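Below are the chains, spelled out letter by letter.
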Amino acid sequence: MEQIRFGIDQLVAAPLEWKSARLALVTNNAATTSDGEPSRAALLRHGFNLVLLFSPEHGLSTQGADGVAQAGGVDPLTGLQVVSLYGDHFRPSMDALADLDLVLFDIPDAGCRFYTYLWTLTHVMEACASAGKKLIVLDRPNPLSGDLQKAEGSMLDEKNCASFIGRWNIPVRHSCTLGELALYFKATRVPGLALDIIKVQHWDRQQTVAQAGWLFVPTSPAIRDMETIALYPATCFLEGVNVNEGRGTEDDFKMAGAPWIDSEKLTTLFNAQSYDGIKATPVSYTPEWGLYAGEYCQGLRLMVTDADLFRPVLTGLILLQLLKSQYPAELKERLYITVANATGTGHLDRLTGIKNAFHKIETGELVIAAADTDHWEERIRPYLLY
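About the criteria used
- Within each chain, residues carry numbers counting from 1 in the order of the written sequence.
- Only residues with pLDDT of 70 or above have their local features reported here, since the model is predicted, and side-chain atom pairs are shown and tallied only from 80 upward, although totals for entire chains, interfaces and linings are computed over all residues.
- The basis for the side-chain values is all heavy atoms of the structure; hydrogens and waters are excluded.
- In this description a helix means any DSSP run of H or I spanning at least four residues, a strand means any run of E spanning at least two, and both kinds are numbered starting from the N terminus.
- When we talk radius of gyration, it's over C-alpha atoms, and the globule rule is simply 2.2 Å times the number of residues to the 0.38.
- Whether a residue is buried, partly exposed or exposed follows from its accessible area with a 1.4 Å probe, protein chains only, as a fraction of its type maximum: under 20%, in between, or over 50%, in that order.
- None of His or the chain ends enter the tally, which takes Lys and Arg as positive and Asp and Glu as negative.
- Charge coordinates come from a single atom per side chain, which is NZ of Lys, CZ of Arg, CG of Asp or CD of Glu.
- We define a salt bridge as a side-chain nitrogen of Lys or Arg found within 4 Å of a carboxyl oxygen belonging to Asp or Glu.
- What counts as a ring pair is set by centres within 6.5 Å for rings of Phe, Tyr and Trp (its six-membered ring), and what kind of pair is set by the plane angle: stacked under 30 degrees, edge-to-face over 60, tilted for all other angles.
- Put simply, a disulfide is two cysteine sulfurs that come within 2.5 Å.
- The contact rule is simple, with two residues in contact once any of their heavy atoms fall within 4.5 Å.
- A 3.5 Å cut-off defines polar contacts: any pair of N or O atoms within that distance qualifies, except that in protein one atom must be a possible hydrogen donor and the other a possible acceptor, and neighbouring residues in sequence count only when both atoms are side-chain atoms.
- Two strands qualify as a pair provided DSSP detects at least 2 bridges between them.
- Axis definition: a line fitted to C-alpha atoms, over the contacting stretch in the case of helices. Angles run 0 to 180 degrees between N-to-C directions.
- Every angle not falling under 35 degrees, over 145, or within 65 to 115 is termed oblique; those three ranges are roughly parallel, roughly antiparallel and roughly perpendicular.
- In this scheme the crossing of two helices becomes right-handed for a clockwise turn of the near helix relative to the far one and left-handed for an anticlockwise turn of less than a right angle.
- Polarity classes work like this: nonpolar for Ala, Val, Leu, Ile, Met, Phe, Trp, Tyr, Cys and Pro, charged for Asp, Glu, Lys and Arg, and polar for all others, with Gly in that last group.

## Brief notes about the overall build of the protein
Moving on, step 1. For the protein, the count of helices and strands is 13 helices and 10 strands.
Moving on, step 2. On C-alpha atoms alone, the protein measures out to a radius of gyration of 21 Å, which is about the 21 Å that the 2.2 N^0.38 rule sets for 386 residues.
Moving on, step 3. With the principal axes as the frame, the protein shows a C-alpha extent of 65 × 40 × 40 Å.
Moving on, step 4. Of all 386 residues assigned to the protein, the portion counted as buried reaches 57%.
Moving on, step 5. Between the averaged position of the 33 positive side-chain charges in the protein and that of its 46 negative side-chain charges there is a distance of 4 Å.

Structural data, given as structure tokens:
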């Protein structure tokens, strides 16, 4: 199998006449060449005139806390000025873009709608269109694979649930690369944008990060390994209710726990459902920080047994339904305060994309919605690159 080459690998190897143009790069430490060199360092080493950096949620370091505003500053690696796009504004200002010739975007994705790097991309697209600046996306594989048969709803109710964890109507698991989504959004949302995509080479869209074996760099403090990537589209829904999702432990997004859960009972009921590709084991733990910090929690730990069969979105919504059926008095909505949602209200609606989602757990409407991708494969097909 030939080594996968990311968009950045393709770019630095190409003889380009615009290398001396004034360039900005939207990036973070998770964006590297296939050999592990930070993308911004690779660009400078190959003679590109990089003059400014923009960074998303979690900052350039990728270590900023979830939902917390990130400051700009100076990049210690390159000495370049860094402008944060996760603080008092989410898109580059016209002043920041004024002296630039081109904007490059290179940030890995997690493959699901509520991971914010995708929506930073859309804000950059709109800003570049307004400023008349060309945007070039350095594409990367989808770590969950690009298998459109595995795309899962629910689709986003834009009128009632649009936010920074889902601006536009796509499935939770979209099975696309950011380059493909950029092409789709250019056609449907930002038609005035001058856009190019530097494609990935040697990637079969059926491959996950684990199957393809490309270098995985943690994309944020809680997304530290490939197992978390696989489980994240299931367990992130727990952020919307009063169940700890593993934060405050070494197993972020791999567990579900609370002081009022009976671990043996919940695990037995979960496994009795015989979900494809996933099993649970009982767990007890005390989070060091976050929800229930310092409190003894019981729950379950999820383990993917077959990535081809596992449907994380469906699993996550069924887990919510199971929790609601077993703990109707204890399970409640959670306020989840972020810089993009100062009140913290409606977080479960924003995650699921469905209005009044908490009240629809016990009716089964959320589980039904997981199967509805609203002809996504048909709509996205003209924009697929692989």
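There's more to say after this.
## Focus: the pattern of salt bridges
Moving on, step 1. Under the criterion given, the structure shown has 22 salt bridges.
Moving on, step 2. Across the pair Glu-37 and Arg-45 runs a salt bridge whose closest N-O atoms are separated by 2.8 Å.
Moving on, step 3. Taking the relative accessible area as the measure of exposure, Glu-37 reaches 21% and is therefore partly exposed.
Moving on, step 4. According to the relative accessible area criterion, Arg-45 is exposed, its value standing at 57%.
Moving on, step 5. Between Glu-158 and Arg-189 there is a salt bridge; the shortest N-O distance is 2.4 Å.

## A closer look at the packing of aromatic side chains
Moving on, step 1. Counted under the stated rule, the structure contains 18 aromatic pairs.
Moving on, step 2. Ring geometry for Tyr-115 and Tyr-117: centres 4.9 Å apart, planes at 65°, overall edge-to-face. Here the two residues Tyr-115 and Tyr-117 agree in accessibility, since each one is buried.
Moving on, step 3. Aromatic side chains Tyr-184 and Tyr-383 sit 5.6 Å apart centroid to centroid with 65° between the ring planes, which places their arrangement in the edge-to-face category. Pair noted here: Tyr-184 is in helix α6 (residues 178–188) and Tyr-383 is in the segment after α13 (376–380), with a separation of 199 residues, a long-range link.
Moving on, step 4. What makes Tyr-184 buried here is its relative accessible area of 8%.

## Details of the state of the cysteines
Moving on, step 1. Going through the model one piece at a time under the given rule, you end up with zero disulfides.
Moving on, step 2. Here Cys-176 is not disulfide-linked; the sulfur of Cys-112 is the nearest cysteine sulfur, at 13 Å.

## Quick notes on unusual backbone geometry
Moving on, step 1. Omega for the bond connecting Gly-153 with Ser-154 falls within 30 degrees of zero, at 5°, which places this linkage in the cis form.
Moving on, step 2. Tracing the chain through its elements places Ser-154 in the loop between β6 (134–138) and α5 (158–161).
Moving on, step 3. In this structure, His-58 is a non-glycine residue whose phi angle is positive, near 75°.
Moving on, step 4. Its place among the elements puts His-58 in the loop between β2 (50–55) and β3 (73–74).
Moving on, step 5. On the basis of relative accessibility, which here comes to 5%, the residue His-58 falls in the buried class.
Moving on, step 6. Despite not being glycine, Tyr-292 has its phi angle at roughly 65°, a positive value.
Moving on, step 7. The residue Tyr-292 is located in the loop between β9 (278–285) and β10 (297–304) in this model.

## Topic: helix α8 (residues 226–235)
Moving on, step 1. Extensive coverage of α8 is indicated by the burial of seven of its 10 residues.
Moving on, step 2. Three or more residues of α8 are buried, namely Thr-228, Ile-229, Leu-231, Tyr-232, Pro-233, Ala-234 and Thr-235.
Moving on, step 3. Those residues of α8 hidden inside the fold are in contact with β9, β10 and α10 (312–326).
Moving on, step 4. The N-cap residue of α8 is Asp-225: its side-chain oxygen and the backbone nitrogen of Glu-227 are 3.3 Å apart.

## Observations concerning the sheet that holds strand β8 (residues 255–258)
Moving on, step 1. The strand order across the open sheet formed by three strands is β8-β10-β9, and the pairing between neighbours is antiparallel. Edge positions in the open sheet fall to β8 and β9, since each of these has one partner strand only. With strand direction ignored, the average angle separating the axes of adjacent strands in the sheet is 20°.
Moving on, step 2. Note: β8 against β10, four bridges, orientation antiparallel. Across the sheet, residue Gly-257 finds its bridge partner in β10, namely Gly-299.
Moving on, step 3. Lying on the sheet, α8 is in contact with β9 and β10; it crosses β10 at an angle near 120°.
Moving on, step 4. Contacting β9 and β10, helix α9 (residues 263–272) crosses the sheet at an angle of about 175° to β9.

## As for the packing of α8 against α10
Moving on, step 1. At their nearest, the axes of α8 and α10 sit 6 Å apart, and the two run at 45° to each other. Looking at the two axes, α8 sits oblique to α10. The way α8 lies across α10 gives a crossing that is right-handed. Contact residues: Ala-230, Pro-233 and Ala-234 in α8; Pro-312, Val-313 and Gly-316 in α10.
Moving on, step 2. Here the residues of the contact of α8 with α10 are counted per class, giving five nonpolar, one polar and no charged.

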